[in-house]
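Residue strings, one per chain:
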Amino acid sequence: MSDATGRPAASPPHSTSHAQPEAPLSAKAPPIWILIAATATGPLALNIFVPSMPGLVGYFQTDYATIQLTLTLYLAGVAIAQLGYGPISDRFGRRPAMLAGLAIYVIGSLMCMMAWSVEVLILARILQAIGGCAGMVLGRAIVRDVFDRDSSASVIALITMAMAVAPAVAPTIGGTLDTVFDWRAAFIVPMVIGSIVLLGSIRGLNETNLYRSPSIDVVAMLRNYGRLLGSRAFIGYALNTAMSVGAFFSFLAGAPYVMVEILHRKPHEYGLYFVLISVGYMTGNFLASRISRKLGVDRMIPLGVGVSLCGAIPGFILAFNDVVTPATVFLPMCLVAVGNGLSQPNGISAAVSVNPKIAGAASGLMGFLQMSVGGLFTVVVGHFQNQTDHFAMASVILFATAGSVLFYIMARLGARPTA
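Described below are features of the structure shown in this document.

Definitions and limits used
- Residues numbered from 1 in each chain as written.
- Predicted model: local features only at pLDDT ≥ 70, side-chain atom pairs only at ≥ 80, totals over all residues.
- Heavy atoms only, no water.
- Helix = DSSP H or I, 4+ residues; strand = E, 2+ residues; numbered from the N terminus.
- Buried < 20%, exposed > 50% of the residue type's maximum accessible area, 1.4 Å probe, protein only.
- Contact = heavy atoms within 4.5 Å.
- Areas by Shrake-Rupley, 256 points an atom, 1.4 Å probe, with all protein chains shown as cover.
- Expected span 1.5 Å × (residues − 1).
- Bend = angle between axes of the 7 residues up to and from the residue.
- Phe/Tyr/Trp six-rings, centres within 6.5 Å; stacked < 30°, edge-to-face > 60°.
- Core = buried A, V, L, I, M, F, W, Y, C linked by side-chain atoms within 4.5 Å.
- Salt bridge = Lys/Arg side-chain N within 4 Å of Asp/Glu carboxyl O.
- Patch = residues over 30% accessible without salt bridge, like charges linked within 9 Å, V, L, I, M, F, W, Y side chains within 5 Å.
- Axes fitted to C-alpha atoms, helices over the stretch in contact; angles between N-to-C directions.
- Parallel < 35°, antiparallel > 145°, perpendicular 65-115°, else oblique.
- Left-handed = near helix turned anticlockwise from the far one by under 90°.
- Nonpolar A, V, L, I, M, F, W, Y, C, P; charged D, E, K, R; others polar.

## Overview of the overall build of the protein
Counting its regular elements, the protein contains 16 helices and zero strands. For the protein, buried positions account for 59% of its 419 residues. Considering only intrachain contacts with a sequence separation of at least 6, the fraction spanning at least 24 residues in the protein is 86%. In the form shown here, the protein has an accessible surface area of approximately 15900 Å², with 70% of it arising from carbon and sulfur atoms.

Dropping the structure here:
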């Protein structure tokens, strides 16, 4: 049984007589800057390195497919680690899990900067990812600990709008550091910022999980995941956000190659153009933060995916006709990003609200699905990318955006009351 929001009708796991309570609103919200900064660490490390990827082919005397593993396996590390952060934070609390993740992130960033081979760099990127995803998972769970379903969508939108500053400036910073110094210099920034956030979290991050589990029960953890995977509402909302994330990572995998290798632009130019994508996403987040409470998540999500389709379709048509310029690469994706900014916070809020008592597990599983889909799409783009156009990238972006529409429909069907 489920209600119109997809929330299970049971309060205890096996009872069907009472509606499940929301997380208590008495939990004290931590300083918003900590949630913003912690959530931004993962995207910062991901994006600041991307402009340097084409140049590493010659530096390490390897091929682009191998270098792209620093992106694909970063996403895989984020995906897998998120499955652990949810249950760990449900058992021990959000604060200790966040502190441990930030410490791992700082160590991983240092190792990336010191890498002497592509294999070491790949391993260090995985470690950086494992640490960096802590803020991405726990930021959502902390918000859901403190706010109700529709209010959390507005807060998540505010956080993701602010954290979009990191991906906006990161490629520019990374490309500039690569041009002036070399690729190693780009890893200084995430290491320093990670250290600052870690120290700030030690001082200012309070515990918000008032439904802590008595132990880490692997069987119960698998049961919670099974319960979520058995919910059409959760799967629909989670995969709706995952396909939107997949569209973004498809762009991230293909656009640097198009700019540097096909259009023969410098890495810092990619960073400058990438600001358009981040500004688009921030615009969508800003609008979501202002109107999500009024319209509700199930109106905001179709609005967002509709806007994304309005960007993906012309981008595909231009690529199909072999029109390749910075404008035809970045402007359609800017509109896709606006739509993602509208839909993502609401899809996230809806997914973790399906069962608030296991919000940490839901956040982790949703993040796993997002990064798995994103990683898969980077592999597809890398495999089919050729030396003269960006048709593969545009095709995958359109496929992902259309898929987000279908999974939203699945979520709404799954959220309907059953007899």
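## Here we look at helix α6 (residues 118–146)
For α6, with 29 residues, the first-to-last C-alpha span of 43 Å sits near the 42 Å given by 1.5 Å per residue. Where α6 bends most, the angle comes to about 25 degrees, and this point is glycine 132. Within α6, 24 of the 29 residues are buried, which leaves it mostly tucked inside the rest of the structure.

## Section: the packing of aromatic side chains
Applying the stated criterion across every chain, the model contains 15 aromatic pairs. Ring geometry for tyrosine 270 against phenylalanine 274: centres 5.7 Å apart, planes inclined by 35 degrees, an arrangement best described as tilted. Pair noted here: tyrosine 270 and phenylalanine 274 are both in helix α12 (residues 267–295), with a separation of four residues, about one helical turn. No difference in accessibility class separates tyrosine 270 from phenylalanine 274, as the two residues are buried. Taken together, the ring pairs connect Phe248, Phe249, Phe251, Tyr270, Tyr273, Phe274 and Phe330 into an aromatic cluster.

## Considerations on the nonpolar core
If you look at the biggest cluster of nonpolar residues, it comprises 110 residues, and the most contacted ones within it are Leu121, Phe234, Phe251 and Leu252. With 20 residues, helix α11 (residues 232–262) is the single largest residue contributor to this core. If we ignore the near neighbours within four places in the chain, the residues touching phenylalanine 234 are Leu228, Ala351, Val354, Ala362, Leu365 and Met366.

## Regarding the pattern of salt bridges
Applying the stated rule across the entire model yields two salt bridges. A salt bridge links glutamate 269 to arginine 265, with the shortest nitrogen-to-oxygen separation between them at 3.2 Å.

## Considerations on a nonpolar patch on the surface
Nonpolar side chains collect at one region of the surface, where Ile188, Val192 and Ile196 lie side by side and expose about 250 Å² of accessible area between them. Along the chain, isoleucine 196 falls in helix α9 (residues 188–204).

## Topic: the packing of helix α1 (residues 32–49) against α6
Closest axis-to-axis distance for the α1/α6 pair is 8 Å, and the angle between their directions is 150 degrees. Here α6 runs roughly antiparallel to α1, going by the angle between their axes. When you trace α1 past α6, the crossing you get is left-handed. Contacts between α1 and α6 involve Leu35, Ala38, Thr39, Thr41, Gly42, Pro43, Ala45, Leu46 and Phe49 from the first element and Leu121, Arg125, Gln128, Gly132, Gly135, Met136, Gly139, Ile142 and Val143 from the second. Its residues placed into classes, the contact of α1 with α6 shows 10 nonpolar, seven polar and one charged.

## With respect to helix α4 (residues 69–92)
Here α4 spans 33 Å end to end across 24 residues, near enough to the 34 Å set by a 1.5 Å rise per residue. Of the residues flanking the end of α4, it is glycine 93, one or two places downstream, whose phi is positive at about 110 degrees.

## So, unusual backbone geometry
Of all residues except glycine, most have a negative phi; of all peptide bonds, most are trans. With a phi angle near 55 degrees, glutamine 61 is a residue other than glycine that sits in the positive phi range. Here glutamine 61 shows up in the loop between α2 (56–59) and α3 (64–67). For glutamine 61, a relative accessible area of 67% puts it in the exposed group. Phi at histidine 264 takes a positive value of approximately 55 degrees, unusual for a residue other than glycine. Here histidine 264 lies in the loop between α11 and α12.

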